[in-house]
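Letter by letter, the chains look like this.
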Amino acid sequence: MHPDEFSLGLVPWQMRAGTSAMALAEQARQAESWGYRSFFLPENHFTPNVPIPDPLLILAAAAATTTDIRLGTTSWLLPIREPLLAAAQAASLDQLSNGRLILGLGRGYSADMLQAFGVPIREKRRRLDSVLERMLSAWAGEPVFKEQALVPLPCQQPHPPLWMAAFGPKAIAQAARLGLPYFASPMETLTELERNYAIYEEGLAEYEQLAPATRAIMRTVFVSDDVQLIDSVRTKLAQQSRGPLSSEQAPDIEDICVLGNAAEVAEQLAHYRSRLALNHLVAVRPRVAGVPEPALRESFAALPASMSHSGLMAATAQ
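Keep in mind that what you see is a predicted model, and the values were worked out from it rather than measured.

### Observations regarding the packing of helix α1 (residues 21-34) against helix α2 (residues 55-65)
Alright, step 1. Remark: α1 packs on α2, axes separated minimally by 8 Å, with the N-to-C direction vectors making an angle of 45°. Comparing the axis directions of α1 and α2 gives the class oblique. In the packing of α1 onto α2, the handedness of the crossing is right-handed. Taken together, the residues of α2 that come into contact with α1 (itself represented by A21, M22, L24, A25, A28 and R29) are I58, A61, A62 and T65.
Alright, step 2. Within the contact of α1 with α2, the residues separate by chemical class into eight nonpolar, one polar and one charged.

Put into structure tokens, the structure is as follows:
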């Protein structure tokens, strides 16, 4: 992606226990019709509220209902995967989608979840390195046993875009060492993101890696003309972010979420872009109770149009 282009993605607005793969795939189709350039799924294990243990399977369903939108993972957990099988699965989906796959890679944060897959938490970064190294070798067409190579290879060469979901200095440093785009979480303030990018850029210089063209973040976004609903969402998000902290210690909700009517949201995102040099935003629904599904749908429908009218997405190209 050229740095002057701006691409808008999203995580599904309807994602809960009982949501079928086809319902998620239909959201990808709808997102494409609204003008989104990418559709992302997380990977969640042993979480009954949002169970997505294999996002690539669901993205395969989304590939069948869409034509142009890119299909990605927010954090595909490499430490728990067998390298050659993972390489083959990703290559197959990239072929199936005609080269639309983006792999956001992650390590996992739950010690219990990692242990369930036989991975000690202290080994997760080393495991990611070793799994990725074997996958890259397989994607390059190198023999995996005797003279046999991986088949099929990815449609995108040498492989699908790889982004590194990172939360914390060690993970950011790992992304820099590998020369992969740092894919920022929706949980940190704008000031923290600026600091993270400074750490990342220092790491790129230390490891003599070229700065990737992609600069992507996830962000909680909610667009509505209903002032009372916006205020309700803002209050709930503030309570959620505060947790046990005092109001003096808690971050300003406007510094971690983007809320308001279409014009206000477009203005806030232009501010984000100017401070972080973003070229890819992945919008996330507000994860609070009491927001009607139609309001979430309307919010996601309004976002691309508001950004286009503001000129923020005028240079966007698929």
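Once you've had a look at it, read on.
### Digging into the packing of helix α3 (residues 83-96) against helix α5 (residues 124-139)
Alright, step 1. As a packed pair, α3 and α5 sit with axes 8 Å apart at the nearest point and diverge in direction by 55°. Taken together, the axis directions place α3 and α5 in an arrangement best described as oblique. The hand of the α3/α5 crossing is right-handed. Facing α3, whose interface residues are P83, L84, A86, A87, A90 and A91, α5 presents V131, R134, M135, A138 and W139.

### Remarks on the pattern of salt bridges
Alright, step 1. Applying the stated rule across the entire model yields eight salt bridges.
Alright, step 2. Between E123 and R126 there is a salt bridge, and its shortest N-O distance comes to 2.4 Å.
Alright, step 3. Notably, a salt bridge pairs D129 with R177, separated by 2.8 Å at the nearest N-O pair. Pair noted here: D129 is in helix α5 and R177 is in helix α6 (residues 169-178), with a separation of 48 residues, a long-range link.
Alright, step 4. Taking the relative accessible area as the measure of exposure, R177 reaches 30% and is therefore partly exposed.
Alright, step 5. A cluster of three or more residues bridged by salt bridges with shared partners is formed by D231, R234 and E254.

Rules used throughout
- Residues numbered from 1 in each chain as written.
- Predicted model: local features only at pLDDT ≥ 70, side-chain atom pairs only at ≥ 80, totals over all residues.
- Heavy atoms only, no water.
- Axes fitted to C-alpha atoms, helices over the stretch in contact; angles between N-to-C directions.
- Helix = DSSP H or I, 4+ residues; strand = E, 2+ residues; numbered from the N terminus.
- Parallel < 35°, antiparallel > 145°, perpendicular 65-115°, else oblique.
- Left-handed = near helix turned anticlockwise from the far one by under 90°.
- Contact = heavy atoms within 4.5 Å.
- Nonpolar A, V, L, I, M, F, W, Y, C, P; charged D, E, K, R; others polar.
- Salt bridge = Lys/Arg side-chain N within 4 Å of Asp/Glu carboxyl O.
- Buried < 20%, exposed > 50% of the residue type's maximum accessible area, 1.4 Å probe, protein only.

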